[in-house]
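Letter by letter, the chains look like this.
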Amino acid sequence: MSAGKRGAFFVFEGCDRSGKTTQSRLLAEFLTSKGIPTLSMNFPERESSIGQVINSYLTNSKDLPDEVIHLMFAANRWEYMNKIRRELLAGTTLIVDRYSYSGVAYTMAKGLDFDWCYAPERGLIKPDAVFFLKTAPVNLSSRGKYGEERYEKLEFQHKVAEVYNRIGEREFSYWHEIDASQPVAELHTKISGIAEKLQQQVEGKPLDKLT
């Protein structure tokens, strides 16, 4: 993939209600205020036909085998890969709420094999940084709207958190674990500081792929 003055690729991960949406929005506002072209996305992207099936599953109106829904989540990321590549190479910084790591963590938490879960993610564009908002799932259950979607069950979220720890060890070179129990403003200061440094470092680097 060609190098040039490309945008940075930042991903937010964490258990449900860990503050990803708030922090990704604040980072987008911060970078935009610095004059950096910025685009926010989130996965699953529920607008596409695949995304609509995923949405039906997540809102409990449709049941699918675990293997099928896992591959649909992966396919949902793949169908947006050309757009992601195009935006990054055009100089736009992308801030994405959930990516491959969610797909692996949530399916593994159901008992499926790690390598099987990871396989369909290989070849996707690799983020420059993953901000993993970490806190004990028991601290999240009191947050607004918790429990409305399929995966928002405390015991399940504990399993998800354990898988995230394993992924963080595997992807340590660009994985930033951040204590999500801190005040929103403190979290934002830490994240924006890391992002601003990386923004300057990635400009001449080619896009990499997940392996």
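If you're wondering where the values come from, they're calculated on a predicted model, not measured in any experiment.

Draft legend 1. The overall build of the chain, seen in detail. Looking only at helices and strands, the chain features eight helices and five strands. Beginning at the N terminus, the succession of helices and strands in the chain can be written as β-α-β-α-α-α-β-α-α-β-α-β-α. In terms of overall dimensions, the chain is globule-like: its C-alpha atoms have a radius of gyration of 16 Å, near the 17 Å expected for 211 residues. In the chain, buried positions account for 51% of the 211 residues.

Draft legend 2. Geometry of helix 2 (residues 49–58). Those residues of helix 2 not exposed but buried are Gly-51, Ile-54, Tyr-57 and Leu-58. Here the buried residues of helix 2 occupy an arc of 115° about the axis, which is enough to place them on one side. Positive backbone phi, approximately 70°, marks Asn-60, located one or two places after helix 2.

Draft legend 3. Summary view of unusual backbone geometry. Between Phe-43 and Pro-44 the backbone carries a cis peptide bond, its omega angle lying at 5°. Along the chain, the position of Pro-44 falls in the loop between strand 2 (38–42) and helix 2. Positive phi outside glycine occurs at Asn-60, with the angle close to 70°. One can find Asn-60 in the loop between helix 2 and helix 3 (66–78). Accessibility expressed as a relative area gives 45% for Asn-60, which makes it partly exposed. The backbone phi angle of Arg-98 is positive, close to 75°, even though this residue is not glycine.

Draft legend 4. Quick look at the pattern of salt bridges. Applying the stated criterion across every chain yields a total of ten salt bridges. One salt-bridge network, held together by shared partners, links Glu-13, Asp-16 and Arg-98.

Draft legend 5. Region of the structure containing the environment of Glu-162. Tracing the backbone through its elements, the reader meets Glu-162 in helix 7 (residues 154–170). Sequence spacing of Glu-162 and Ala-119 is 43 residues, and the spatial spacing of their C-alpha atoms is 20 Å.

Draft legend 6. Examining helix 5 (residues 100–108) more closely. With nine of its nine residues buried, helix 5 lies for the most part within the structure. Taken residue by residue, helix 5 has Ser-100, Tyr-101, Ser-102, Gly-103, Val-104, Ala-105, Tyr-106, Thr-107 and Met-108 as its buried positions. Looking at the packing, one finds that the buried side of helix 5 touches strand 1 (9–14), helix 3, helix 6 (114–118), strand 4 (129–134), helix 7 and strand 5 (175–179).

Draft legend 7. Representation of the nonpolar core in the model. Of all hydrophobic cores here, the largest spans 36 residues; its most connected members are Phe-9, Ile-84, Tyr-99 and Tyr-101. Taken together, the elements giving at least two residues each to this core come down to strand 1, helix 4 (81–89), strand 3 (93–97), helix 5, helix 6, strand 4 and helix 7. At six residues, helix 7 tops the list of elements feeding residues into this core. Sequence-distant contacts of Tyr-99, defined by excluding residues within four places in its chain, comprise Phe-9, Val-11, Glu-13, Phe-43, Arg-77, Met-81, Leu-124, Ile-125, Pro-127 and Leu-210. Judged by nonpolar contacts, the second largest core, of 19 residues, contains Ala-8, Phe-30, Ile-36 and Ala-129.

What counts as what
- Here the residue numbers are simple positions, counted from 1 along each chain's written sequence.
- The model is predicted, so local features are restricted to residues of pLDDT at least 70 and side-chain atom pairs to those at 80 or more, both for listing and for counting; the totals for chains, interfaces and linings are taken over all residues.
- Water and hydrogen atoms play no part in the side-chain values, which are based on all heavy atoms of the structure.
- Starting at the N terminus, helices and strands are each numbered in turn, a helix being any DSSP run of H or I of at least four residues and a strand any DSSP run of E of at least two.
- Each radius of gyration is computed over the set of C-alpha atoms, and the globule rule expresses the reference value as 2.2 Å times the number of residues to the power 0.38.
- Three exposure classes are used, based on accessible area relative to the maximum for each residue type with a 1.4 Å probe and protein chains only: buried under 20%, partly exposed in between, and exposed over 50%.
- To be clear, the arc concerns the directions from the helix axis to the C-beta atoms.
- Should a side-chain nitrogen of Lys or Arg be within 4 Å of a carboxyl oxygen of Asp or Glu, the pair is scored as a salt bridge.
- Any pair of residues with heavy atoms lying within 4.5 Å of one another is described as a contacting pair.
- Side-chain atoms within 4.5 Å are what join buried Ala, Val, Leu, Ile, Met, Phe, Trp, Tyr and Cys residues into a set we call a nonpolar core.

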